[in-house]
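In case you want the letters, here they are:
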There are 2 protein chains.
Amino acid sequence: MGEPVDVTRAKLLDAAHDLLVERRGTEPSVAELCARAGVNVAMVSYCFGGKRQLLDAVLDRTVVGVVAQLDALEALGLTPVETLRRHVAGVIQNYLHYPYAVALGERLGDPDGRLAAAFAQPLLAFHTRLLERGAATGDFRAGVDPALFFATLVGMCEFFFSARTWMAAATGSDVDATLVARFTTHCEALVLTGLGT
Amino acid sequence: MGEPVDVTRAKLLDAAHDLLVERRGTEPSVAELCARAGVNVAMVSYCFGGKRQLLDAVLDRTVVGVVAQLDALEALGLTPVETLRRHVAGVIQNYLHYPYAVALGERLGDPDGRLAAAFAQPLLAFHTRLLERGAATGDFRAGVDPALFFATLVGMCEFFFSARTWMAAATGSDVDATLVARFTTHCEALVLTGLGT
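Residues numbered from 1 in each chain as written. Chains lettered and ligands numbered in written order. Predicted model: local features only at pLDDT ≥ 70, side-chain atom pairs only at ≥ 80, totals over all residues. Heavy atoms only, no water.

Under an unreviewed UniProt entry, the name given to chain A is TetR family transcriptional regulator, and the organism recorded is Paraconexibacter algicola.

**Things to note about the packing of helix 10 (residues 177-194) of chain A against helix 8 (residues 146-162) of chain B**
It is the contact of helix 10 of chain A with helix 8 of chain B, at a shortest axis distance of 10 Å, that shows an interaxial angle of 60 degrees. Taken together, the axis directions place helix 10 of chain A and helix 8 of chain B in an arrangement best described as oblique. Judged by the twist between their axes, the crossing of helix 10 of chain A over helix 8 of chain B is right-handed. Along the contact surface, helix 10 of chain A presents Leu179, Arg182, Phe183, His186, Cys187 and Leu190 of chain A, while helix 8 of chain B presents Leu148, Phe149, Ala151, Thr152 and Met156 of chain B. Looking at the contact of helix 10 of chain A with helix 8 of chain B, its residues break down into 8 nonpolar, 2 polar and 1 charged. (Axes fitted to C-alpha atoms, helices over the stretch in contact; angles between N-to-C directions. Helix = DSSP H or I, 4+ residues; strand = E, 2+ residues; numbered from the N terminus. Parallel < 35°, antiparallel > 145°, perpendicular 65-115°, else oblique. Left-handed = near helix turned anticlockwise from the far one by under 90°. Contact = heavy atoms within 4.5 Å. Nonpolar A, V, L, I, M, F, W, Y, C, P; charged D, E, K, R; others polar.)

**Here's the deal with the pattern of salt bridges**
Under the definition given, this model contains 30 salt bridges over all chains. Here lysine 51 of chain A ties to glutamate 27 of chain A by a salt bridge, and the two come within 3.3 Å at their closest N and O atoms. A residue pair is termed long-range when its members are at least 10 positions apart, and lysine 51 of chain A in helix 4 (residues 51-75) and glutamate 27 of chain A in the loop between helix 1 (5-22) and helix 2 (30-37) qualify at 24 residues. With relative accessibility at 31%, the residue glutamate 27 of chain A sits in the partly exposed group. Aspartate 112 of chain B is the salt-bridge partner of arginine 114 of chain B, the closest N and O atoms lying 3.8 Å from each other. A relative accessible area of 31% places arginine 114 of chain B in the partly exposed class. (Salt bridge = Lys/Arg side-chain N within 4 Å of Asp/Glu carboxyl O. Buried < 20%, exposed > 50% of the residue type's maximum accessible area, 1.4 Å probe, protein only.)

**Some thoughts on the layout of surface pockets**
Of the volumes computed, that of the largest pocket is approximately 1,500 Å³. As for the largest pocket, its lining consists of 40 residues, and the residues nearest its centre are Ala103 and Arg107 of chain A together with Ala103, Arg107 and Ser162 of chain B. When the residues that make up the lining of the largest pocket are grouped by side-chain class, the tally is 20 nonpolar, 9 polar and 11 charged. (1 Å grid on protein atoms, 1.4 Å probe; cavity = no way out; pocket = protein on both sides within 12 Å on 5 of 7 lines; lining within 4 Å. Points joined across faces, edges and corners; volume = space filled by probe spheres on them.)

**Some details on the UniProt feature "DNA-binding region" (unreviewed entry) in chain A**
The UniProt feature table records "DNA-binding region" (unreviewed entry) at residues 29-48 of chain A. The annotated region residues 29-48 of chain A carries 70% helix and 0% strand content, and the separation between its end C-alpha atoms amounts to 15 Å. (UniProt positions renumbered as here; feature names shortened; annotations may be inferred.)

**Some remarks on the side chain of glutamate 188 of chain A**
With respect to the secondary-structure elements, glutamate 188 of chain A resides in helix 10. Excluding its chain neighbours within four sequence positions, the residues that come into contact with glutamate 188 of chain A are Arg85, Val88, Ala89 and Thr193 of chain A.

**Considering helix 1 of chain A**
Note: α-helices contain 3.6 residues per turn, so residues at a spacing of three or four share the same orientation. All names here are of chain A. For helix 1, with 18 residues, the first-to-last C-alpha span of 26 Å sits near the 26 Å given by 1.5 Å per residue. Buried residues in helix 1 make contact with helix 2, helix 3 (43-48), helix 4, helix 5 (80-97) and helix 6 (101-108). Remark: arginine 24 follows helix 1 within two positions and exhibits a positive phi of approximately 50 degrees. (Expected span 1.5 Å × (residues − 1).)

**Considering the relation of the copies chain B and chain A**
Its rotation angle being 180 degrees, the transformation that places chain B on chain A also includes 0.0 Å of axial translation and leaves an RMSD of 0.0 Å. Such a turn and shift between the copies fits a two-fold axis. The position closest to the rotation axis in chain B is occupied by the C-alpha of glycine 194 of chain B, lying 1.7 Å away. In this assembly, 100% of the residues forming the interface of chain B have copies in chain A that are likewise at the interface, indicating an isologous arrangement. (Least-squares fit on C-alpha atoms with pLDDT ≥ 70 in both.)

**A few points about the packing of helix 7 (residues 114-137) of chain A against helix 8 (residues 146-162) of chain A**
All names here are of chain A. Contact pair helix 7 / helix 8: the axes reach a minimum separation of 9 Å and the direction vectors enclose 110 degrees. As summarised for this structure, helix 7 and helix 8 are arranged roughly perpendicular, according to the angle between their axes. Across from Leu123, Leu124, His127, Thr128 and Leu131 in helix 7, the residues of helix 8 making contact are Pro146, Ala147, Phe149, Phe150, Leu153 and Val154.

Set out below in structure tokens:
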């Protein structure tokens with residue numbers, strides 16, 4: 001008797017995540033995915049309908065987790081400055097854990113607007129509320145465009161992880177825990193000072 | 001009689017640049033490159049030794065141009081604040097003109113350290129000198145790590161162009177001249193304020 005479909009699905013999602021991390025975003029084949037998951041090669045098709053849908057599901061799972069983090073952070077009721085500080089650190093941690101996510105999203109595209117609705121809109125709404133709250137308390141200067149702020153914040157965190165060749169050349173070392181900690185402090189200072197706190 | 005090799009090389013470099021821009025970084029085939037350049041299909045091999053070397057040469061040409069811009073900017077002898085403002089605008093313009101460059105560099109890798117020596121080191125040296133100069137005049141706070149600053153500055157400019165799906169979802173519009181101008185003003189303000197000016 002086989003295992004429940006939910007278990008097989010979870011194994012394939014974990015295998016896809018692990019292989020995308022190991023190969024820095026290069027897509028694994030169906031055979032590689034099934035070998036890593038320890039399931040029969042027909043299971044990608046059976047559980048998801050195909051590799052494209054499996055990769056969509058990996059991305060959806062990441063997005064759900066990231067949006068849940070934003071909700072949890074807001075629920076803490078911290079000051080705008082402390083909320084933004086933790087958000088910056090959270091974005092960097094997400095890049096550490098899901099370094100493939102943005103590039104995979106671009107490659108898969110978003111023909112039905114699902115990713116936009118599930119991720120870009122909640123993240124933009126989070127930034128909009130946070131910038132408004134900080135402007136009201138006088139911690140952030142007024143009039144910062146939330147969509148452009150979203151682009152700069154995510155981008156400044158991403159390059160460090162996506163451009164390893166350049167970063168290794170510039171820093172003279174590989175990305176390790178010490179460098180990530182220094183980078184987090186740097187980004188927090190640049191963003192918090194940059195908003196006029 | 002054929003045309004001089006230099007002319008054929010330049011046609012192939014321009015064709016590779018144009019196709020990389022049009023296809024948002026997807027590599028063209030040798031047949032496509034030669035068709036676009038209007039040259040015989042054997043010319044990639046004859047002029048460059050292969051497609052990999054042609055793509056290396058496209059990247060080298062971009063890097064030489066970007067480093068020449070940095071030298072020209074420094075030669076103007078402007079204040080640190082004005083130099084940084086123009087540099088931010090210049091990075092954004094370079095992403096408009098060479099949107100494929102960073103991803104192509106990552107894909108090709110840098111086995112012999114040529115890109116690191118030709119690009120990352122001069123750019124890092126430029127940032128190091130600029131941050132030191134600004135700290136000496138009191139315009140920038142002291143102690144900003146040049147390599148981390150390099151990562152955040154380049155990254156904040158890159159995301160806007162590399163993540164079109166997310167940006168279209170977040171801004172509700174395509175990247176056009178008006179949005180690029182607003183984005184440039186936003187980045188200048190974030191970076192200049194972020195450094196403590």
